Amino acid sequence: MKRHPGRASGLLVLILLGGVGCTAYPALPLSSDGDASSFSGVVLGLDGKPAANVAVHGYLVSNNSAGLVSNNSASYRVLAAGLEAKTDAQGRFRLSAAAGSSLNIEAVLADNVKALQLNVGTSAQSLRLMLARTGHLTGKVTAPGRSEVKNLLGAEVFIPGLPYQVHTTETGAYTLLNVPVGAFTLVGKKDGLGTATVTGVAVKSDATTQVPDLALSQSAPTIERLTPSNAGPGDVVTVTGVNFGTSTGTALRVDFNSAPATSIERIDDTTLKVVVPAGAKSGDLSITVGSVQSAAVPFTVLKALTLTPGNASVIRGGTLPFSLTGRDTSDRFIESPTASWSIAGSAVRLDGDTLYGVSLGTASLRVTAGSMRLERTLQVVERYPSVTTFSGIGTGFADGNSQQARFNSALGLTFDAAGNLYAADSSNDRIRRIAPDGSVATWAGDGTADQRDGARLQARFKSPNGVFFDRRTGSLYVSEAYDKIRKIDSSGNVTTFAGTGTPGFVDGAAQSGLLNTPWGMAMDAAGNLYVADSRNHAIRKITPSGAISTFAGSGQPGSLDGKGSNARFSRPRGIAFDADGNLYVADTENHQIRKVSPTGTVTTFAGSGRPGYVDATGAEAEFNEPYDLAFDARGRLFVADFMNRVVRVVTPQGAVSTYAGSGRRGLYNGDAPYAQFDNMSGLAIDAAGNVYVTDQVADVIRKISP
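Residues numbered from 1 in each chain as written. Predicted model: local features only at pLDDT ≥ 70, side-chain atom pairs only at ≥ 80, totals over all residues. Heavy atoms only, no water.

**Things to note about the layout of surface pockets**
- If you add up the space inside the second largest pocket, you get close to 400 Å³.
- Lining the second largest pocket are 17 residues, with Ala 304, Leu 305, Thr 306, Arg 610 and Glu 622 sitting closest to its centre.
- Only β27 (297–308), β30 (323–328) and β36 (372–381) provide two or more residues apiece to the lining of the second largest pocket.
- Looking at the lining of the second largest pocket, its residues break down into 6 nonpolar, 3 polar and 8 charged. (1 Å grid on protein atoms, 1.4 Å probe; cavity = no way out; pocket = protein on both sides within 12 Å on 5 of 7 lines; lining within 4 Å. Points joined across faces, edges and corners; volume = space filled by probe spheres on them. Helix = DSSP H or I, 4+ residues; strand = E, 2+ residues; numbered from the N terminus. Nonpolar A, V, L, I, M, F, W, Y, C, P; charged D, E, K, R; others polar.)

**Concerning the nonpolar core**
- Leu 137, Val 157, Ile 159, Tyr 174, Leu 176, Leu 186 and Leu 214 are the most contacted members of the largest nonpolar core, which has 25 residues in total.
- Of all the secondary-structure elements, those providing two or more residues to this core are β7 (113–120), β10 (135–142), β12 (164–167), β13 (173–179), β14 (182–190) and β15 (194–203).
- No other element matches the 4 residues that β15 contributes to this core.
- Filtering out sequence-adjacent residues up to four positions away, Val 157 remains in contact with Val 141, Tyr 164, Gln 165, Val 166, Thr 168, Tyr 174, Leu 176, Leu 186, Val 187, Gly 188 and Leu 214.
- Leu 226, Leu 272, Val 289 and Phe 299 belong to the second largest nonpolar core, which has 21 residues in total. (Core = buried A, V, L, I, M, F, W, Y, C linked by side-chain atoms within 4.5 Å. Buried < 20%, exposed > 50% of the residue type's maximum accessible area, 1.4 Å probe, protein only. Contact = heavy atoms within 4.5 Å.)

**Description of the pattern of salt bridges**
- Enumeration according to the criterion identifies 31 salt bridges in this entry.
- Here Arg 460 ties to Asp 450 by a salt bridge, and the two come within 3.8 Å at their closest N and O atoms. Separated by 10 residues along the polypeptide, Arg 460 in the loop between β42 (454–455) and β43 (464–470) and Asp 450 in the loop between β41 (440–444) and β42 bring together distant segments of the chain.
- Asp 450 gets classed as partly exposed once you look at its relative accessible area, which sits at 33%. (Salt bridge = Lys/Arg side-chain N within 4 Å of Asp/Glu carboxyl O.)

**Some points on the side chain of Asp 255**
- Summarising the element assignment, Asp 255 is placed in strand β21 (residues 252–256).
- Within the structure, Asp 255 has its side chain in polar contact with the side chain of Arg 253 (distance 2.7 Å).
- Aside from chain neighbours lying at most four places away, what touches Asp 255 is Pro 260, Asp 284, Leu 285 and Ser 286. (Polar contact = N/O pair within 3.5 Å; in protein donor to acceptor, adjacent residues only side chain to side chain.)

**Description of the sheet that holds strand β61 (residues 680–685)**
- Strand order in the open sheet formed by 5 strands is β60-β37-β63-β62-β61, and the pairing between neighbours is antiparallel. In this open sheet, the two strands that pair with only one neighbour each are β60 (670–671) and β61.
- With 5 bridges connecting them, strand β37 (residues 386–391) and strand β63 (residues 700–705) associate as antiparallel partners. When the sheet's bridge partners are listed, Thr 388 is paired in β63 with Lys 703. (Pairing = 2+ DSSP bridges.)

Right under this line is the structure:
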């Protein structure tokens, strides 16, 4: 017989309980370790007297619901090694185990003299184990349903919960020697042939018991339910069904669409807890017990989560409904995926699928699904920003008050020192000036699509894209789609500052350097003008004398961080400097916000690179063709998100939230979350923190008041 003193587990039966007689025996002192459970008692010999120098073994009982303890570490989850002690001269013993443990306790004087007490509860102090002579079990393992099998060598026979097992001969015969007196369940198993169980097998002292045949058969495992039915890698899935082979220790495998699970907790024959493995894909989930595979059931493995809204504001005393969606590994949309939710902070309360603004301040909403985690910042405010129409009544050309003026594809915006707003009125080929009261006048251009220098009202522009006001000199710079930068000085004279009007990608002096669809502009502290050279996919630098050089970008489209020409952009448009001299770029067709250090090193500040609408932080956020940028006095970056038809705001830490707009297309004023826009292309912020955007299709200028 093969004996494994450290591997016990199972459906155990009480054998020779120490309740015989009434003699009191002094117990050993209790353990002083508060983190341990102490088990003590006395072993009585065949003569009923305390037996000295008897080996006492303690086997930790499993914490699974079937109470199983391993007899075979390859087949069961073993929670700890066996514990051992020797009785003293008065037959006393003490075992210590981790706090809260239960033990099966066996006393062994000799191979044929033993005592056993099972499922002993925590910290039992008055145990009595009475030694008795052991008996033997003999029998045969058969495979009646497999007539072609002639050799049964190596089938395993064991008593669950005792450290006894044996393997059969070729004919299937076996003998288990020196088993304590009692009644047991006997299990036989062999890979490929299945298992068999015989219950109520009686062991008698100094006798051999003939056991009925262990007739092996295979019952296919069946999966009845998966909870949850979708999860991410690292999540625990509870599998319920039948015939999971836990009680027999049969080898088990769980596959997530061919990806094997590496962490499986076998609760009992009907329940498993399985961790979704890394690399798992949506598809068939199956269980294989021994060599028998279950029918597959569908399971969805999550790849990404989207929380709507994400970083957001809620009015104090108001509510904000939210929803969670996801994508699986096949990129299918998943509505209401399984996840856990929590709130950090007291400003917001979570109830079901609704957030309640409790007090002014911020809180964090955390959503977790396996290894995926979303964390969103929620701000409780007194009121929402308000959206109004600042100037314009629609498409056309007309100067006049705010209710008379008309624009035609107004694009870039900029403020002068006096608070006048300038707009690049692209299809009218003019530069318009909007006073603080919303009245509009033509500042430069006669409306003819041409590139003629001269006095501002006689000069001509051709599809102006962007405008930038230099407050130090009072000059207004204009970028044109037809490859020039024009300058309107403080006296109203229009000159060509850089570019020839011929598209190209050439560094050089003002008369030789070439641009290709320049767009947004910004100026550094030294007076150098930076330009988003859109079709050249680069950021160009123009000195006060008009000399052009390439600051970042290679001239080829792409999305690549790096320094100078090693970086790549794709149709950049708006640009803006922060207070530290870093240049931020609306990388329009990469759907990202990029950051360029003063030395020309490009990194991605926010945006995943996929077109979408997700309020999140850094690379988790999604934009859809960001067009223009501007910083407010608090260092927050505002973004005109063109195709999403919303204004986004990004904190210095890269947390993106929606500042105004519902995302629906329209021309609706009111509280910022409910307002509607129609393709915003230009954005500027005044000294009071009001945000202005050009609503390009509606041909009006909108104002968002904080």
